[in-house]
Amino acid sequence: MSVPRTPSGDRLGRLLNLVPYLLARPGILISEAAADLGVTGKQLREDLELLWVCGLPGYGPGDLIDMAIDGDHVTISHDAGMDKPLRLNPDEALALVVALRMLAETPGIGTRDAIERALAKIENAAGDLAGAPVTVKLPANQKRLAAVRAAVDSGNALRLTYYTPSRDESTERVVDPMRLLMVGGFNYLEAWCRRAEATRLFRIDRIDAFTELDEPSAPPAAAVPHDVSSGVFRPGPELPLVTLRVGRGGRWITEYYPVEQVVRDGAEWQVTMRVTDLGWAQRFLAGQGRDVTVVGPPELLDRIRAQATTALDQYAAPPGLTAGSPAAG
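Residues numbered from 1 in each chain as written. Predicted model: local features only at pLDDT ≥ 70, side-chain atom pairs only at ≥ 80, totals over all residues. Heavy atoms only, no water.

## Brief notes about the sheet that holds strand β2 (residues 66–70)
Here is step 1: Spatially, 3 strands are ordered β1-β3-β2 in an open sheet, and the strand pairing comes out antiparallel. The sheet is open, and its two edges are formed by β1 (28–29) and β2, each paired on a single side.
Here is step 2: Across 5 bridges, the pairing between β2 and strand β3 (residues 73–78) is antiparallel. In the sheet register, Ala 68 faces β3, and the bridge partner there is Thr 75. (Pairing = 2+ DSSP bridges. Helix = DSSP H or I, 4+ residues; strand = E, 2+ residues; numbered from the N terminus.)

In structure tokens, the structure reads:
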């Protein structure tokens with residue numbers, strides 16, 4: 001007779017409590033432990049096999065949970081710090097409540113029912129947290145988001161006025177909406193852009209204006225949704241490659257932006273990264289100060305050098321005059 005598999009959430013809770021349970025009962029019969037935990041002996045043995053590959057980062061000897069199984073008896077010999085049943089303190093429970101409430105308010109989430117059930121369980125278990133004065137507001141323009149959502153739900157194409165910071169310009173384009181999603185704390189409209197003839201992500205807070213057109217949204221077969229599991233920006237070999245030398249004060253770049261390579265050379269690191277546009281790189285790097293030095297490409301160096309020269313000329317001119325004017329000569 002087959003035994004139905006338990007949900008993964010139930011198994012996780014059982015695993016978190018299994019180690020302290022076994023620590024308190026060295027040499028217990030597996031059948032007895034299975035009966036206490038409400039599972040079959042086969043399921044408990046599978047849980048024990050999974051525990052053998054669980055532990056602390058490093059995942060070597062002394063890091064992983066270890067045990068001795070002697071026939072039908074089991075004894076934990078190393079607990080990897082899991083010596084107490086999982087109990088959330090008030091701060092941990094409140095943090096989970098805030099995170100789950102934010103998820104519940106996120107547009108496009110398809111597991112809202114599961115989130116609300118988990119939230120109810122935590123609030124009920126935590127008691128006084130159920131009425132905690134916590135208000136969650138997402139960092140997006142809610143009125144604009146609601147208006148775009150309504151337009152997308154209508155099923156019509158849209159005309160957008162969209163600001164692109166990498167080129168510091170606003171453009172108009174007609175798009176066929178596909179979906180709304182949130183990535184990295186920002187809301188996006190994913191749509192087929194008729195101007196680019198490709199699928200594009202438009203950040204909601206960068207849509208300056210939009211008009212709903214009197215024609216249906218009709219993305220073509222080539223309109224494939226983006227894979228945003230690793231973020232919105234996915235650098236490819238067709239993008240410009242920028243090489244930098246960064247000091248201690250500039251190392252944050254390697255954590256905030258996708259980089260291809262980091263070579264550590266004493267106090268300075270050499271960093272290579274792809275950028276969408278050299279104009280964006282010029283504006284970004286010109287404001288980084290002495291902690292960041294541009295190594296290449298030559299075109300970017302020429303741009304930054306020309307920008308710095310122009311700025312210095314402006315400072316060298318007398319008040320009220322600009323460098324190169326007849327009076328300044």
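## Points about the environment of Leu 301
Here is step 1: When you line up the elements, Leu 301 lands in helix α9 (residues 298–316).
Here is step 2: Using a relative accessible area of 24% as the deciding quantity, one classes Leu 301 as partly exposed.
Here is step 3: Sequence separation between Leu 301 and Gln 282 is 19 residues, and the spatial gap between their C-alpha atoms is 8.6 Å.
Here is step 4: For Leu 301, the residues in contact, after removing those within four places along its chain, are Val 294, Val 295 and Gly 296. (Buried < 20%, exposed > 50% of the residue type's maximum accessible area, 1.4 Å probe, protein only. Contact = heavy atoms within 4.5 Å.)

## Some words on the side chain of Asp 47
Here is step 1: Tracing the backbone shows Asp 47 in helix α3 (residues 41–51).
Here is step 2: The contact partners of Asp 47, leaving out residues within four places of it in the chain, are Arg 11, Arg 14, Leu 15 and Leu 18.

## Quick word on a nonpolar patch on the surface
Here is step 1: Together, Leu 50, Trp 52, Val 53 and Ile 69 give the surface a local cluster of nonpolar side chains, amounting to about 320 Å² of exposed area.
Here is step 2: Secondary-structure assignment places Trp 52 in the loop between α3 and β2. (Patch = residues over 30% accessible without salt bridge, like charges linked within 9 Å, V, L, I, M, F, W, Y side chains within 5 Å. Areas by Shrake-Rupley, 256 points an atom, 1.4 Å probe, with all protein chains shown as cover. Salt bridge = Lys/Arg side-chain N within 4 Å of Asp/Glu carboxyl O.)

## Brief notes about the pattern of salt bridges
Side chains that carry opposite charge are capable of pairing whenever their charged atoms lie near each other.
Here is step 1: Considering all chains together, one arrives at 11 salt bridges under this definition.
Here is step 2: Asp 205 is the salt-bridge partner of Arg 203, the closest N and O atoms lying 2.9 Å from each other.
Here is step 3: A salt bridge links Arg 303 to Glu 299; the nearest nitrogen and oxygen atoms lie 3.4 Å apart. Of this pair, Arg 303 and Glu 299 both sit in helix α9, 4 residues apart, which is roughly one turn of that helix.
Here is step 4: The exposure class of Arg 303 is partly exposed, given its relative accessible area of 31%.
Here is step 5: You can call Glu 299 partly exposed: its relative accessible area is 45%.
Here is step 6: Each of Asp 176, Arg 194 and Glu 215 takes part in one network of salt bridges that share partners.

## With respect to unusual backbone geometry
Here is step 1: Cis geometry is found at the peptide bond from Gly 296 to Pro 297, where omega equals 10°.
Here is step 2: On the secondary structure map, Pro 297 appears in the loop between β12 (292–296) and α9.
Here is step 3: In this structure, Glu 197 is a non-glycine residue whose phi angle is positive, near 55°.
Here is step 4: Note that Glu 197 resides in the loop between β6 (186–193) and β7 (198–203).
Here is step 5: What makes Glu 197 exposed here is its relative accessible area of 62%.

## Here's the deal with the nonpolar core
Here is step 1: By size, the foremost hydrophobic cluster in this structure holds 18 residues, and its most contacted members are Leu 18, Leu 22, Leu 48 and Leu 51.
Here is step 2: Looking at this core element by element, the count peaks at 5 residues for helix α1 (residues 8–23).
Here is step 3: Not counting residues within four places of it along the chain, the set of residues in contact with Leu 51 comprises Leu 15, Leu 18, Val 19, Ile 65 and Met 67.
Here is step 4: Ile 253, Trp 269, Phe 284 and Leu 300 belong to the second largest nonpolar core, which has 16 residues in total. (Core = buried A, V, L, I, M, F, W, Y, C linked by side-chain atoms within 4.5 Å.)

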